[in-house]
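# An overview of the molecular structure
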Amino acid sequence: MYILSVISMYLIPALLFTILVVAIYKKVPAYETFVEGAKDGFQLAISIIPPLVGMLVAISVFRASGALDFLLSAIQPVLAFIGVPADIVPLAIMRPLSGTGALGIMSDLIRVHGPDSFIGRLASTMQGSTDTTLYVITVYFGAVGIKKIGDALKVGLLADICGLCAAIFFVMLVFGNM
């Protein structure tokens, strides 16, 4: 354990030193290149803000309008039939939209039901087996100017659905239902 601590303590400074040595060897202006990269990163961060704000507003409207509650009441019978608790649906809906929103929902589920409960385990597994598809598409595709997102959206959402189904299946298989 001690050796890993020592290695990790010196790894980043060694890496930075190596980069500087290679830059000097290849006659690359290291500081100017670093400043130019930082400037490009700042411009990228500025370009991400409008799509990000738009997505966050859409999520807030969806939740505040009551559409989430309507959707929950509509699919409640199907969930009860297959043995999935309805409490998990907001997480399943929020996860492709916002990682932070999904983390908040998951934290609330764990606070209410406990980390070792069926819902707590299912929420944790769902959080780890899916991605923030709409967030990624909105922010990163918007930042590089990709307009045609149809196929990426379909594949991303399909992967999220597969991840959710796999999470439900394996948590039921390993831990049983409730």
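Predicted model, so just to flag it, every value in this text is computed and none were measured.

### A short note on the environment of Ala 143
Looking at the element boundaries, Ala 143 is found in helix H7 (residues 133-144). C-alpha of Ala 143 to C-alpha of Leu 44: the two residues are 99 residues apart in sequence and 6.5 Å apart in space.

### Some remarks on a nonpolar patch on the surface
Among the surface-exposed residues, Phe 42, Ile 46, Ile 49, Val 53, Val 57 and Val 61 lie close enough to one another that they form a single nonpolar patch of about 550 Å² accessible area. Locating Val 61 in the fold gives a position in helix H2 (residues 30-64).

### Some remarks on the packing of helix H6 (residues 118-129) against helix H8 (residues 150-175)
Look at H6 against H8: their axes get within 9 Å of each other, and the N-to-C directions meet at 145°. Crossing geometry of H6 relative to H8 is assigned as right-handed. Every residue of H8 that contacts H6 at Phe 118, Arg 121, Leu 122, Thr 125, Met 126 and Ser 129 is listed here: Gly 163, Leu 164, Ala 167, Ile 168, Val 171, Met 172 and Phe 175. When grouped by side-chain class, the residues that make up the contact of H6 with H8 number 9 nonpolar, 3 polar and 1 charged.

### With respect to unusual backbone geometry
We note that Lys 27 has phi near 60°; this positive angle belongs to a residue other than glycine. Look at Lys 27 and you get exposed, because its relative accessible area is 74%.

### Digging into the side chain of Thr 130
Within the secondary structure, Thr 130 sits in the loop between H6 and H7. A polar atom in the side chain of Thr 130 sits 2.8 Å from the backbone oxygen of Met 126. For Thr 130, the contacting residues outside a window of four places in its chain are Arg 95, Asp 160, Gly 163 and Leu 164.

### Topic: the nonpolar core
In this structure, Ile 88, Leu 91, Met 94, Leu 109, Leu 122, Ala 123 and Met 126 are the most contacted members of the largest nonpolar core, which totals 24 residues. Sorting the residues of this core by element identifies H2, helix H3 (67-82), helix H4 (89-94), helix H5 (99-113), H6 and H8 as the ones contributing at least two each. In terms of residues, this core owes the most to one element, H6, which gives 5 residues. Beyond its immediate sequence surroundings of up to four residues, Met 94 is in contact with Ile 59, Arg 63, Gly 101, Ala 102 and Ile 105.

### What about the packing of aromatic side chains?
A full pass over the atoms with the stated rule returns 1 aromatic pair. Centroid distance Phe 169 to Phe 170: 5.0 Å. Interplanar angle 80°. Geometry classified as edge-to-face. Judged by relative accessible area, Phe 169 falls into the partly exposed class, the value being 47%. Of the residues examined, Phe 170 reaches a relative accessible area of 47% and is grouped as partly exposed.

### A few points about the pattern of salt bridges
Summed over all chains, the structure comprises 3 salt bridges. When the shortest N-O distance is used, the salt bridge between Asp 108 and Arg 111 registers 2.3 Å. In this pair, Asp 108 and Arg 111 both sit in helix H5, 3 residues apart, roughly one turn of the helix. A relative accessible area of 35% means that Asp 108 is categorised as partly exposed. Residue classification places Arg 111 among the exposed positions, given a relative accessible area of 63%. In this structure, Asp 116 engages Arg 121 in a salt bridge whose closest nitrogen and oxygen atoms are separated by 4.0 Å. Here Asp 116 falls in the exposed class, since its relative accessible area comes to 60%.

### Re helix H1 (residues 2-25)
For H1, built from 24 residues, the straight-helix expectation of 34 Å at 1.5 Å per residue is met to within 8% by its first-to-last C-alpha distance of 34 Å. In the structure, H1 departs most strongly from a straight axis at Leu 11, where the bend amounts to approximately 35° and where the proline Pro 13 lies between one and four residues downstream. Sparse coverage of H1 is indicated by the burial of 1 of its 24 residues.

Rules of the game
- Residues numbered from 1 in each chain as written.
- Predicted model: local features only at pLDDT ≥ 70, side-chain atom pairs only at ≥ 80, totals over all residues.
- Heavy atoms only, no water.
- Helix = DSSP H or I, 4+ residues; strand = E, 2+ residues; numbered from the N terminus.
- Patch = residues over 30% accessible without salt bridge, like charges linked within 9 Å, V, L, I, M, F, W, Y side chains within 5 Å.
- Areas by Shrake-Rupley, 256 points an atom, 1.4 Å probe, with all protein chains shown as cover.
- Salt bridge = Lys/Arg side-chain N within 4 Å of Asp/Glu carboxyl O.
- Axes fitted to C-alpha atoms, helices over the stretch in contact; angles between N-to-C directions.
- Left-handed = near helix turned anticlockwise from the far one by under 90°.
- Contact = heavy atoms within 4.5 Å.
- Nonpolar A, V, L, I, M, F, W, Y, C, P; charged D, E, K, R; others polar.
- Buried < 20%, exposed > 50% of the residue type's maximum accessible area, 1.4 Å probe, protein only.
- Polar contact = N/O pair within 3.5 Å; in protein donor to acceptor, adjacent residues only side chain to side chain.
- Core = buried A, V, L, I, M, F, W, Y, C linked by side-chain atoms within 4.5 Å.
- Phe/Tyr/Trp six-rings, centres within 6.5 Å; stacked < 30°, edge-to-face > 60°.
- Expected span 1.5 Å × (residues − 1).
- Bend = angle between axes of the 7 residues up to and from the residue.

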